[in-house]
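# A look at the structure
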There are 2 protein chains.
Amino acid sequence: MKKILMLSFVVLLSGCMSSTPPEPDRSGDLSAISSVRDSFIAAFNANDAEMVANIYSDDAVVMGGGQPTAQGRQAIVDSNKALFDQFAAKILVTPDFTDVSGDIAYDRGTFAMELTPKAGGPAVTNEGRYLVVLQRQADGSWKVTNDMDNSAMAPAPVPDGK
Amino acid sequence: MKKILMLSFVVLLSGCMSSTPPEPDRSGDLSAISSVRDSFIAAFNANDAEMVANIYSDDAVVMGGGQPTAQGRQAIVDSNKALFDQFAAKILVTPDFTDVSGDIAYDRGTFAMELTPKAGGPAVTNEGRYLVVLQRQADGSWKVTNDMDNSAMAPAPVPDGK
């Protein structure tokens, strides 16, 4: 009886230990999220709309400043294709803060984008801020589900027609 | 000995059960986050900059479209005070999607803001989208840590001076 009880004790203890959820791998998650950001930068600077779309979840919502909302892969491909058709685009991304909890993460920072018209003419530089939400997928990878950016510059005043 | 072992068994089992983390109260969290949104709307529509600031964490970052970044309570109070000094402001907020995981949540939606100049003149309506990240605080409450909005409307073209 004593032996059986001792054995149960060990089985119970090991069952107890294995039921404790594993420590979340925070540094692994933050590193995976950095890789998603790097993939975005590489795809964007290759002006490859399909590759850019790969960082997003199937139902992702992209809300670019001054742009209509693009929801879902096809809309995201189309909006980037429209940009890359018109411009040679380069982006520089500077992350400020990234955090993760459970299956949600976010990344905040600034960017500078240089757009050189393919039709000729001088390049234009847009500077702004971004806030991106990511979701851990069923396969463990991280995808962007929400992507917003804006500029701190007030829109140019509308001429009053006087 | 048998009694002692049985007792240890019970103690171990109860210890094991209490070490299991409680089920996250998702609906409770979503309801708390709705309340934060409602508090923002009420404070904003009362044009009370101090009350608006109460929904944010101490180090929150507010990135309003066309506005400089406001970080921290005083900067957030000041930027709303500047708005409310100049305008009678009303906001209508329509949440689209809210999600929570662990200690991070986010809320996405649209808004329409009506600004009536106190100096007189017609009211202006701004419509846009918002993306807000919230963090569970040490006391269990939820505070906004990141707040971004923008407009889907392209900025007015800059007159070319010709």
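Residues numbered from 1 in each chain as written. Chains lettered and ligands numbered in written order. Predicted model: local features only at pLDDT ≥ 70, side-chain atom pairs only at ≥ 80, totals over all residues. Heavy atoms only, no water.

### A few points about the sheet that holds strand β4 (residues 104–117) of chain A
Residues and elements named next belong to chain A. For clarity, the threshold we go by: At least two DSSP bridges between two strands are required for those strands to pair. A run of DSSP states H or I qualifies as a helix once it reaches four residues; a run of E qualifies as a strand once it reaches two. Both are numbered from the N-terminal end. The contact rule is simple, with two residues in contact once any of their heavy atoms fall within 4.5 Å. Lines fitted to C-alpha atoms define the axes, with helix axes restricted to the stretch in contact, and inter-axis angles between N-to-C directions lie between 0 and 180 degrees.
Across the sheet, six strands lie side by side as β2-β1-β6-β5-β4-β3; this open sheet has mixed pairing. If you trace the sheet from one side to the other, it starts and ends with β2 (70–71) and β3 (87–101), each paired once. Bridge count between strand β5 (residues 124–136) and strand β6 (residues 142–150): eight bridges; the pairing is antiparallel. Paired with V133 across the strands is N146, a residue of β6. In the packing of helix α2 (residues 26–45) onto the sheet, the strands contacted are β1 (56–63), β3, β4, β5 and β6, and the crossing angle to β3 comes to about 170 degrees. Lying over the sheet, helix α4 (residues 73–86) contacts β1, β2, β3 and β4, oriented at roughly 140 degrees with respect to β3.

### Notes on the pairing of β3 of chain A
All names here are of chain A. In terms of strand pairing, β3 meets β4 through 14 bridges, oriented antiparallel. Bridging from a neighbouring strand, V100 pairs with A105 of β4. Hairpin connection between β3 and β4: a loop of two residues separates the two successive antiparallel strands, and G102 in this loop has a positive phi of roughly 60 degrees.

### Things to note about the environment of M113 of chain A
All names here are of chain A. Position of M113 among the secondary structure elements: in strand β4. Sequence separation between M113 and A70 is 43 residues; the distance between their C-alpha atoms is 19 Å. Beyond its immediate sequence surroundings of up to four residues, M113 is in contact with F44, K90, I91, V124, T125 and N126.

### Here's the deal with the side chain of S101 of chain B
The following threshold applies: Remark: exposure states derive from per-residue accessible area (1.4 Å probe, protein chains only) relative to the maximum for the residue type, with buried under 20%, exposed over 50%, and partly exposed in between.
Relative to the helices and strands, S101 of chain B is located in strand β3 (residues 87–101). Overall, S101 of chain B belongs to the buried group, its relative accessible area being 14%. Residue contacts for S101 of chain B: discarding those within four places in its chain leaves S101, G102, D103 and I104 of chain A.

### Let's talk about the environment of G109 of chain A
With respect to the secondary-structure elements, G109 of chain A resides in strand β4. Not counting the four nearest positions on each side in its chain, G109 of chain A is found in contact with T94, P95, D96, G128, R129 and Y130 of chain A.

### Overview of the sheet that holds strand β4 (residues 104–117) of chain B
All names here are of chain B. With mixed pairing, the six strands of this open sheet are ordered in space as β2-β1-β6-β5-β4-β3. Each edge of the open sheet is held by one strand with a lone partner, namely β2 (70–71) and β3. Relative to β2, strand β1 (residues 56–63) runs antiparallel, the two being bridged by two bridges. Within β2, the residue paired with V62 across the bridge is A70. Each of β1, β2, β3 and β4 touches helix α4 (residues 73–86); the most contacted strand, β3, lies at about 140 degrees to it.

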